[in-house]
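# Remarks on the overall topology
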Amino acid sequence: MRADLHVHSSASDGTDPPAEVMRRAAQAGLDVVALTDHDTVAGHAEARAAAGRLTLLPGMELSCRLDGRSLHMLAYLFDPDQPDLAAELARIRDDRVIRARAMVDRLAGLGVAVTWEQVAEIAGSAVVGRPHIARAMAAGGAIASPREAFTRDWIADGGRAYVGRYALDPVRAIDLVSAARGITVLAHPRAGRDTYVSDEQIARLAAVGLAGVEVHHPDQSDTERGRLLALVHDLALVATGGSDDHGSLTGHRLGAETTTADAYEALVSRARPGGSIP
Ligand SMILES: [Zn+2]
Ligand SMILES: [Zn+2]
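Please read all numbers here as calculations on a predicted model, not as lab measurements. (Residues numbered from 1 in each chain as written. Chains lettered and ligands numbered in written order. Predicted model: local features only at pLDDT ≥ 70, side-chain atom pairs only at ≥ 80, totals over all residues. Heavy atoms only, no water.)

### Quick notes on the overall build of the chain
Just so we agree on the cut-off: The secondary structure listing takes helices from DSSP runs of H or I that are at least 4 residues long and strands from runs of E that are at least 2 residues long, numbered from the N terminus. Each radius of gyration reported is based on C-alpha atoms, and the globular scaling rule is 2.2 Å times the count of residues to the power 0.38. Exposed residues in this analysis have more than 50% of their type's maximum accessible area, buried residues have under 20%, and partly exposed residues fall in between, with area computed by a 1.4 Å probe over protein chains only.
The secondary structure content of the chain amounts to nine helices and seven strands. On C-alpha atoms alone, the chain measures out to a radius of gyration of 18 Å, which is about the 19 Å that the 2.2 N^0.38 rule sets for 278 residues. Across its three principal directions, the C-alpha atoms of the chain cover 55 × 40 × 40 Å. Among the 278 residues that make up the chain, the fraction classed as buried is 52%.

Right, dumping it as structure tokens:
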């Protein structure tokens, strides 16, 4: 069984619509795909309709902040209509618009020919994010390709036109998702300098209900994976894997990292004790 538990679509900052993501997932030989768009479940209905023989694990990736550092939390199998969770998601999405507008203003101040209207048109109905701004910058000729926007010159964390945003405390994220009958997995804790989550921090999250840690991720080294596997074992958490595919933005890589069948079953049984795999 092949399960990729971290995938984005155009419902957030991926380049492919949810149905196309599912088509590519089948082509990649996957059995289970978790659609984990940033702070939204808007892609689920389209993905489910296009799932065919694939199992869709409904999910999302929540933007959090811990001790001043950005941290991403994957959530699965929650009820998105649970009132507290729904309100928090709306707040995060509203803030994304305020923040994207502020970054566009800063870019304009730096002489970049980019407008909010262009960014909004590129984002369409998706949750707006930096990749949409990057695409507008490339379309306007300020940079050769969207990837070039993610430097300190432009909109990388701490960059000249970067604007921080509202983010959830991860303990609150775990509580909200638990209250909505879902489970949480810490995403790529060792993917880079800006997202480093320490052993102690992971242990604290485990103590308040974290279900798993994403060990297998394209941006995590073999050394870090080994350390995380040992930690996950000590804390009795589930080790997951996912490609974090964003379509052409990351290079199409669905299925490049996967979760083992045992880990998948353990994860689902934590959300639905005694229940069947969806
Ligand atoms: Zn992430
Ligand atoms: Zn992601």
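Moving on from the coordinates now.
### Some remarks on helix α3 (residues 83–109)
Just so we agree on the cut-off: Each helix should span, by expectation, one fewer than its residue count multiplied by 1.5 Å. When checking whether two residues touch, look at their non-hydrogen atoms; a contact exists if any pair is within 4.5 Å. Between N or O atoms, a polar contact is any pair within 3.5 Å; within protein, one atom must be a potential hydrogen donor and the other a potential acceptor, and residues adjacent in sequence are included only when both atoms are from side chains.
For α3, built from 27 residues, the straight-helix expectation of 39 Å at 1.5 Å per residue is met to within 8% by its first-to-last C-alpha distance of 40 Å. Turning to α3, its buried residues are Leu 85, Glu 88, Leu 89, Ile 92, Asp 95, Arg 96, Arg 99, Ala 100, Met 103, Val 104 and Leu 107. Buried positions along α3 lie against β3 (55–66), α4 (116–123), α5 (130–139) and α6 (170–179). The N-cap residue of α3 is Gln 82: its side-chain oxygen and the backbone nitrogen of Asp 84 are 3.1 Å apart. One or two steps after α3, the chain reaches Gly 111, where phi turns positive at roughly 90°.

### Topic: the coordination of the zinc ion (ligand 2)
What counts here: Listed donor atoms are N, O and S within 2.8 Å of the metal (Na, K and Ca: 3.2 Å). As water is not included, a site may look incomplete. By the criteria applied here, four donors are tetrahedral when all angles lie between 85 and 135 degrees, four are square planar and six octahedral when opposite donors are over 155 degrees apart and every other angle lies between 65 and 115, and any other arrangement is irregular.
Distances from the zinc ion (ligand 2) to its protein donors, His 6 (NE2), His 8 (NE2), Glu 61 (OE) and Asp 244 (OD), fall within 2.1 to 2.2 Å. For the zinc ion (ligand 2), the four donor atoms are set out with angles of 80 to 170° between them, so the coordination reads as irregular. Between the zinc ion (ligand 2) and the zinc ion (ligand 1) the interatomic distance comes to 3.5 Å, and Glu 61 is a ligand of both metals.

### A closer look at the coordination of the zinc ion (ligand 1)
Within the first shell, the zinc ion (ligand 1) binds the protein through Glu 61 (OE), His 72 (ND1) and His 188 (NE2), at distances of 2.0 to 2.1 Å. In primary-sequence terms, the residues that donate to the zinc ion (ligand 1) follow E-x10-H-x115-H. With a relative accessible area of 1%, Glu 61 lands in the buried category. Judged by relative accessible area, which is 17%, His 72 ranks as buried.

### Regarding the environment of Ala 236
Turning to its location among the elements, Ala 236 is positioned in the loop between α8 (222–234) and β7 (238–241). Of the residues examined, Ala 236 reaches a relative accessible area of 56% and is grouped as exposed.

### Some thoughts on the pairing of strand β2 (residues 32–35)
Put simply, the rule is: A pair of strands is considered paired only if DSSP assigns at least 2 bridges between the two. If you view a crossover with the strands going away from you and the path from the first strand over the helix to the second runs clockwise, you call it right-handed.
Along β2, one buried face is formed by Val 32 and Ala 34 and the opposite face, lined by Val 33 and Leu 35, is buried too. Pairing geometry for strand β1 (residues 3–7) and β2, over three bridges, is parallel. In the strand pairing of β2, Asp 4 is matched with Val 33. Since β1 and β2 lie parallel, the crossover through helix α1 (residues 18–27) that links them has a hand, and here it is right-handed. Examined bridge by bridge, β2 and β3 share four bridges and lie parallel to one another.

### Quick look at the side chain of Arg 253
Heads up, the rule is: Here Asp and Glu are counted as negative and Lys and Arg as positive; His is not counted, and neither are the chain ends. Definition used for salt bridges: Asp or Glu carboxyl oxygen within 4 Å of a side-chain nitrogen of Lys or Arg.
By the element assignment, Arg 253 lies in the loop between β7 and α9 (261–271). Buried Arg 253, no salt bridge; nearest opposite-charge side chain is Asp 244, N-O distance 4.7 Å. For Arg 253, the side chain forms a polar contact with the main-chain oxygen of Ser 243, separated by 2.8 Å. Side-chain polar atoms of Arg 253 contact the backbone oxygen of Asp 244, separated by 3.2 Å.

### Regarding the pairing of β7
The two faces of β7 match: Val 238 and Thr 240 on one face and Ala 239 and Gly 241 on the other face are all buried. Looking at chain direction, strand β6 (residues 212–216) and β7 are connected through four bridges and run parallel. When the sheet's bridge partners are listed, His 216 is paired in β7 with Gly 241.

### Notes on the packing of α4 against α5
Here is the rule we go by: Only the stretch in contact is used when a helix axis is fitted, and all axes are lines through C-alpha atoms; the angle between N-to-C directions ranges over 0 to 180 degrees. By convention, the crossing between two helices is left-handed when the near helix turns anticlockwise from the far helix through less than a right angle, and right-handed when the turn is clockwise. Any residue outside Ala, Val, Leu, Ile, Met, Phe, Trp, Tyr, Cys, Pro, Asp, Glu, Lys and Arg is labelled polar, Gly included; the first ten of those are nonpolar and the last four are charged.
Packing of α4 against α5 brings their axes to within 9 Å, and their N-to-C directions diverge by 120°. Pair α4 / α5 crosses with right-handed handedness. For the pair α4 and α5, contact is made by Gln 118, Val 119, Ile 122 and Ala 123 and by His 132, Ile 133, Arg 135 and Ala 136, respectively. Per-class residue counts for the contact of α4 with α5 are five nonpolar, two polar and one charged.

### A short note on the pattern of salt bridges
In a structure, side chains of opposite charge can pair up when their charged atoms sit close to one another. The full count for this structure, using the stated rule, is 12 salt bridges. Arg 190 is paired through a salt bridge with Asp 199; the nearest N and O atoms lie 2.7 Å apart. Its relative accessible area of 36% is what places Asp 199 among the partly exposed residues. The partner of Glu 224 in a salt bridge is Arg 190, with the nearest N and O atoms 3.1 Å apart. Here Arg 190 lies in the loop between β5 (183–186) and α7 (199–207) and Glu 224 lies in helix α8, a separation of 34 residues in the sequence. Like Glu 224, the residue Arg 190 is buried in the burial classification. Ionic contacts of the salt-bridge type, sharing partners, join the residues Arg 190, Asp 199, Glu 224 and Arg 227 into one network.

In short, shape yes, function no, at least from these values alone.
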